[in-house]
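Understanding the architecture of this molecule
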Amino acid sequence: MKIMELLKKNIRPRDIATLAAFKNALAVDMALGCSTNTALHIPAIAHEGGVKLNLDLFNDISKKTPHICHLSPAGPHHIEDLDMAGGIQGVMKEINTLGILDMKVMTVTGKTLGDNLKKACVADYDVIRPVTNPYHREGGLAVLKGNLAPEGAVVKQSAVAPEMLVNEGSARVFDAEEDAVAAILGGKINPGDIVVIRY
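As the structure is a computational prediction, the values presented were derived from the model and not from experiment.

A short note on the overall build of the chain
- A tally of regular secondary structure across the chain gives 9 helices and 4 strands.
- For the chain, the α and β elements follow one another from N to C terminus as α-α-α-α-α-α-α-α-β-β-β-α-β.
- Oriented by its inertia axes, the alpha-carbon framework of the chain measures out at about 60 × 40 × 30 Å.
- In the chain, once contacts between residues fewer than 6 apart in sequence are set aside, the share between residues at least 24 apart is 66%.
- Working note: accessible area of the chain is about 12,300 Å², and carbon and sulfur atoms make up 56% of it.
- Computed over 21 positive and 23 negative side-chain charges, the inter-centroid distance for the chain is 9 Å.

Rendered as structure tokens:
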């Protein structure tokens, strides 16, 4: 029904799935703590819409978006807690106090994001922290580049212990998650080894 309503209003997917909208989506995900799957799925969806996203954009957005919501399994709160605390709109309202989001983007409501967020609020600042008191100053993901990954590697920095953010050790590189798990369970990974899973 919603699709037919949008069709009648002549609002098409590419009117909504713009570069600005994808930047907004990345900012919200950074505020939520992210998943490394973000770096797979968001660019794939953008590609289908003819929008190119590169990994450098992830770092740019992460650097200006604080991690304000810490959900399970990494954090103490659950999705229903987020919903009761103001939901995704509450998260958007809070991070936009920093002017991070493009409020002019079209949405599936037929209105702009700015219109949609007028009534949004945060009902529980323990679940959706204020930007002045985030879990982390930066968003959930970081893109690393170097000799092991010249085109980039993605890490969920919101789940990395602070003492591990700068680390040296022997790299143990695997081409598949299954190979890495077999090595771990087989006792072939030594304390201090850094496990890298390619692809």
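Re the side chain of Thr65
- Within the secondary structure layout, Thr65 lies in the loop between α5 (55-64) and α6 (79-85).
- Here the side chain of Thr65 touches Ile61 through a polar contact of 2.8 Å, landing on its backbone oxygen.
- Aside from chain neighbours lying at most four places away, what touches Thr65 is Ala27, Met30, Ala31, Ile95, Ile100, Arg137, Glu138 and Gly139.

Some words on the pattern of salt bridges
- Throughout the structure, instances matching the rule amount to 7 salt bridges.
- As a salt-bridge pair, Glu5 and Lys2 come within 3.2 Å of each other at their nearest N and O atoms. Here the residue Glu5 and the residue Lys2 both occupy positions in helix α1 (residues 2-8), the gap between them amounting to 3 residues, near one helical turn.
- A salt bridge links Arg137 to Glu138; the shortest N-O distance between them is 3.6 Å.
- Judged by relative accessible area, Arg137 falls into the exposed class, the value being 64%.
- One network of salt bridges, in which partners are shared, links Lys2, Glu5 and Lys9.

Rules behind the numbers
Residues numbered from 1 in each chain as written. Predicted model: local features only at pLDDT ≥ 70, side-chain atom pairs only at ≥ 80, totals over all residues. Heavy atoms only, no water. Helix = DSSP H or I, 4+ residues; strand = E, 2+ residues; numbered from the N terminus. Contact = heavy atoms within 4.5 Å. Areas by Shrake-Rupley, 256 points an atom, 1.4 Å probe, with all protein chains shown as cover. Lys, Arg positive; Asp, Glu negative; His and termini not counted. Charge placed at Lys NZ, Arg CZ, Asp CG, Glu CD. Polar contact = N/O pair within 3.5 Å; in protein donor to acceptor, adjacent residues only side chain to side chain. Salt bridge = Lys/Arg side-chain N within 4 Å of Asp/Glu carboxyl O. Buried < 20%, exposed > 50% of the residue type's maximum accessible area, 1.4 Å probe, protein only.

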